[in-house]
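# Summary of structural features
Read off the chains here:
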Amino acid sequence: MISKLKNLGPGLLFAGAAIGVSHLVQSTRAGADFGMGLLWALILVNIFKYPFFQFGARYAAATGESLLDGYNKLGKDVLSIYYILNFATMFTIQTAVTIVTAGIAFTLFGDYVSLESWTIIILVICISILTLGKYKLLDKLMKVIVITLTISTIIAVFIALKQNATPISFQQILPSNGLEITFLIAFMGWMPAPLDVSIWQSLWTIEKNKNTKQHNKKSILFDFNVGYLSTIILGIGFLMLGALVMFNSGETFSSSAGVFSSQLINIYTTSLGNWAYIIIGIAAFTTMFSTTLTTLDASPRAMAKTSQLLFKKSSKYNYNFWIALLSIGTVFIFLFLASEMGLLIKVATILSFITAPFFAIINYILISSKHTPKEWQPSKKLHILSWLGIAFLIVFSIWYLTTL
């Protein structure tokens, strides 16, 4: 068990990427607006997305290749569609996670540094870590960050439960009007993460295996399952915090990054007391910083690999090119939409959910194809869960599109 814990890596990177906007922002807001009424959505979307995320680690471990290599084997058209989708969404996603991180930093350290300056500072720090420390430093940092967040969140929920005087209602709610349905789709879009993060998972698994030379199926799937379970537990935790502290309070979340971040941290300090402001503030900051960091690493890593496969060139459109372009694009979008954090997050999360069926179907086809060794292909139960997951994602996407 100890050796397994030491070898944890890509699974925690997945958790670091996932436990961010979907948890700190969307889950907390779901609890504040609906109480525990959307618990069903959180659990169902985690269950039905599970196979498609797991296939990223499974395929990389089985073949020594990323999902992008697999997409290329399925056809250039598949890889081209991913290339277009990722290019269309990566700037909005990066801006959404960076603006929340900057907002928390602004809240913690006061107005000595502007929100715009914090955005640039955070991006510079992330770029420095990724270009100098590379995967090894990213791997080590994530273990500390995820453990810190998990402990602080569980403590906050436990104390909030003890201080809560009214019974918790677990009556489930199916949103009916357009605004509620839009929120539901946005909530599920990034819960626990966009499905294209499965590609990141495959890339990180390959990087980890370069260092450990480990291709044991049980160990690799254990690593992924630990990370995935962490995202579910913390998602429920943030949902409960929103429900316990803000539901029926009359307070609503602001769409301004600075104001929202202050409200978010106050949710924790209301439960734990003012003494915990700095501790919880730092935990919230490290959570969003980890998401900003992992996203800034993964998108350029994926685009560089895709460019290499599509254009047979790795020198011009390499990792450094894409990380520079993504950083510049993030700053550009932020400067024009700094006051519209809520809109940015809504756009990014809805786009992620609408494109989810594509990634689910392609991942399933690839892991069940001749390109994956038989011993690594899914069990019958996982096949059934995959069929149900694809149906779930398609039905909810159609439901949302018909309500527009």
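Placed above this text is the structure.
The model shown is predicted, which means the values in this text are computed figures rather than measured ones. The numbering scheme is per chain: residues are counted from 1 as the chain's sequence reads. Totals for whole chains, interfaces and linings use every residue, but because this is a predicted model, local features are given only for residues with pLDDT of at least 70 and side-chain atom pairs only at 80 or more, for both listing and counting. With hydrogens and water stripped out, all remaining heavy atoms of the structure feed into the side-chain values.

## A short note on the overall build of the protein
Numbered from the N terminus, helices here are DSSP runs of H or I no shorter than four residues, and strands are runs of E no shorter than two. Along its length, the protein carries 16 helices and zero strands. Each residue gets one of three labels from its accessible area relative to the maximum for its type: buried under 20%, exposed over 50%, partly exposed in between, using a 1.4 Å probe on protein chains only. A total of 404 residues make up the protein; the buried ones form 59% of that total. For the protein, long-range pairs separated by at least 24 residues make up 87% of all intrachain contacts whose partners lie at least 6 apart in sequence. Computed with a 1.4 Å probe, the accessible areas rest on the Shrake-Rupley method; for each residue, only the protein chains presented here act as cover. By element, 67% of the accessible surface of the protein is carried by carbon and sulfur atoms, the whole surface being about 16300 Å². Working rule for contacts: check all heavy atoms of both residues, and any pair within 4.5 Å makes them a contact.

## With respect to the packing of helix H15 (residues 356-367) against helix H16 (residues 380-403)
Two numbers describe how H15 lies on H16: the axes approach to 9 Å, and their chain directions differ by 160°. Comparing their axes, H16 and H15 come out roughly antiparallel. Seen from above, H15 lies across H16 with left-handed handedness. Contacts between H15 and H16 pair Ala 356, Pro 357, Ala 360, Ile 361 and Tyr 364 from the former with His 383, Ser 386, Trp 387, Ile 390, Leu 393, Ile 394 and Ser 397 from the latter. The residue makeup of the contact of H15 with H16, split by class, is nine nonpolar, three polar and no charged. For helices, the fitted line uses only the C-alpha atoms of the stretch in contact; every axis is such a line through C-alpha atoms, and the angle between N-to-C directions lies from 0 to 180 degrees. Should an angle lie under 35 degrees it is considered roughly parallel, over 145 roughly antiparallel, and from 65 to 115 roughly perpendicular; all remaining angles are considered oblique. Two helices cross in a left-handed way if the nearer one is turned anticlockwise from the farther one by less than a right angle. They cross in a right-handed way if the turn is clockwise. When residues are sorted by character, Ala, Val, Leu, Ile, Met, Phe, Trp, Tyr, Cys and Pro go into the nonpolar class, Asp, Glu, Lys and Arg into the charged class, and all the rest, Gly among them, into the polar class.

## Quick notes on empty space enclosed by the protein
Cavity and pocket criteria rest on a 1 Å grid covering protein atoms alone: a 1.4 Å probe that fits but cannot get out defines a cavity, protein on both sides within 12 Å along at least 5 of 7 lines defines an open pocket, and an atom within 4 Å of a point defines a lining residue. Grid points are joined across faces, edges and corners, and a volume is the space filled by probe spheres set on the points. Counting across every chain of the model gives four cavities of 30 Å³ or more. Roughly 110 Å³ of internal volume is contained in the largest cavity. Every residue lining the largest cavity is counted, 15 residues in all, and those nearest its centre are Ala 17, Val 97, Trp 190, Pro 194 and Thr 291. Within the residue set of the lining of the largest cavity, elements represented by two or more residues are helix H2 (10-18), helix H3 (21-34), helix H6 (76-109), helix H9 (197-212) and helix H12 (277-311). Here the lining of the largest cavity is built from residues that sort into eleven nonpolar, four polar and no charged. By volume, the second largest cavity amounts to about 90 Å³. Surrounding the second largest cavity, Leu 85, Asn 86, Thr 89, Ile 93, Pro 194, Leu 195, Asp 196, Leu 351, Ser 352, Thr 355, Ala 356 and Phe 359 form its lining.

Remember, this is a structural readout, not a statement about activity or role.
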